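# Understanding the architecture of this molecule
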Amino acid sequence: MSFTFRPLDPLTDAELLHRWVTHPKAAYWMMQDAKLEDVERAYMEIAADEHHHALLGLGADGEPAFLMEKYDPVHRELVGLYEPEPGDVGMHFLTPATDTPVHGYTRAVITAVVAHLFDDPAARRIVVEPDVHNTAVHALNEAVGFVPVREIRKPEKKALLSYCTRERFERAVAAV
């Protein structure tokens, strides 16, 4: 599976995002009760933020296939919760719910997301902080080279801080 990326447009993509983030499968996205305007507002704030970016992953047909966010953990999400290193990049991703799941799809998505982040030569380590109870994403993270570091307490959740270096990612992908 191959994917391309484009910047998310908070206004034209809001209805699509609203369907994705309010679906029960997206419970860990913490927007279950969001109204369309809430989603527009949240992504307008991201669009205006120099340290946080939202992108849509597009399938081979050019249709939106998943959501990806990248952020600078020195300025967003993890401020004061860990020791940042030069080249750290924070990441979130969401694959939408589907009635016709494809085996290996979400792993292909996370692989594409991490590869896209490492396309930037300045990126040395990807940092993630999923909910400690989100065991499915922990397994996906580990499959592409993330190493759990420790639990951290964020205002909205208890999270599992994990890192992935470029070398660990390349080894994990080569092993498949």
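Here, the structure is the one placed above.
Residues numbered from 1 in each chain as written. Predicted model: local features only at pLDDT ≥ 70, side-chain atom pairs only at ≥ 80, totals over all residues. Heavy atoms only, no water.

The periodicity of an α-helix, 3.6 residues per turn, causes residues three or four places apart in sequence to face the same way. Turning to helix 5 (residues 166-174), its buried residues number three or more, namely Arg166, Phe169 and Ala172. Relative to the axis of helix 5, the buried residues are bounded by an arc of 130° and lie together on one face. The outward face of helix 5, more than 90 degrees from its buried face, is lined by the exposed residues Arg171 and Ala174. The elements touched by buried residues of helix 5 are helix 3 (105-118), helix 4 (135-143) and strand 7 (157-165). (Buried < 20%, exposed > 50% of the residue type's maximum accessible area, 1.4 Å probe, protein only. Helix = DSSP H or I, 4+ residues; strand = E, 2+ residues; numbered from the N terminus. Arc of directions from axis to C-beta. Contact = heavy atoms within 4.5 Å.)

What follows is about the sheet that holds strand 1 (residues 4-7). Spatial ordering of the open sheet is given by 1-2-3-4-5-7-6, a layout of seven strands whose pairing is mixed. Two strands in the sheet have a free side with no partner beyond their single neighbour: strand 1 and strand 6 (147-154). Adjacent strand axes in the sheet meet at a mean angle of 30°, parallel and antiparallel pairs treated alike. Sheet topology places strand 6 next to strand 7; seven bridges connect them, and they run antiparallel. Opposite Arg153, over in strand 7, you have Lys158 as the bridge partner. The sheet contacts of helix 3 involve strand 1, strand 2 (52-58), strand 3 (64-71), strand 4 (88-94), strand 5 (125-128) and strand 7, and relative to strand 4 the element is tilted by about 150°. (Pairing = 2+ DSSP bridges. Axes fitted to C-alpha atoms, helices over the stretch in contact; angles between N-to-C directions.)

In the structure shown here, the tally under the stated rule is ten salt bridges. Lys154 is the partner of Glu129 in a salt bridge, and the nearest nitrogen-oxygen pair spans 3.1 Å. One end of the pair, Glu129, is in the loop between strand 5 and helix 4; the other, Lys154, is in strand 6, and 25 residues separate them in sequence. Both residues of the pair, Glu129 and Lys154, belong to the buried class. What you see here is one network of salt bridges that share partners, running through Glu77, Glu129, Lys154, Glu156 and Lys157. (Salt bridge = Lys/Arg side-chain N within 4 Å of Asp/Glu carboxyl O.)

As for its placement among the helices and strands, Leu58 is situated in strand 2. For Leu58, a relative accessible area of 11% gives the class buried. The spacing of Leu58 and Phe3 is 55 residues in sequence and 5.4 Å in space, taken between C-alpha atoms.

The phi torsion at Met30 lies on the positive side, around 60°, for a residue other than glycine. Met30 gets classed as partly exposed once you look at its relative accessible area, which sits at 41%. Non-glycine residue Glu77 carries a positive phi angle of around 65°. One can find Glu77 in the loop between strand 3 and strand 4.

Let us now look at the packing of aromatic side chains. For any two aromatic rings, the description comes down to two numbers: the centre-to-centre distance and the angle of the planes. A complete count under the given rule lists five aromatic pairs for this structure. Plain terms: the ring middles of Phe3 and Tyr105 are 5.9 Å apart, the flat faces sit at 80° to each other, and that makes the pair edge-to-face. Note that Phe3 is positioned in the segment before strand 1 and Tyr105 in helix 3, a separation of 102 residues in sequence. Among the residues examined, Phe3 registers a relative accessible area of 15% and is labelled buried. A relative accessible area of 22% places Tyr105 in the partly exposed class. (Phe/Tyr/Trp six-rings, centres within 6.5 Å; stacked < 30°, edge-to-face > 60°.)

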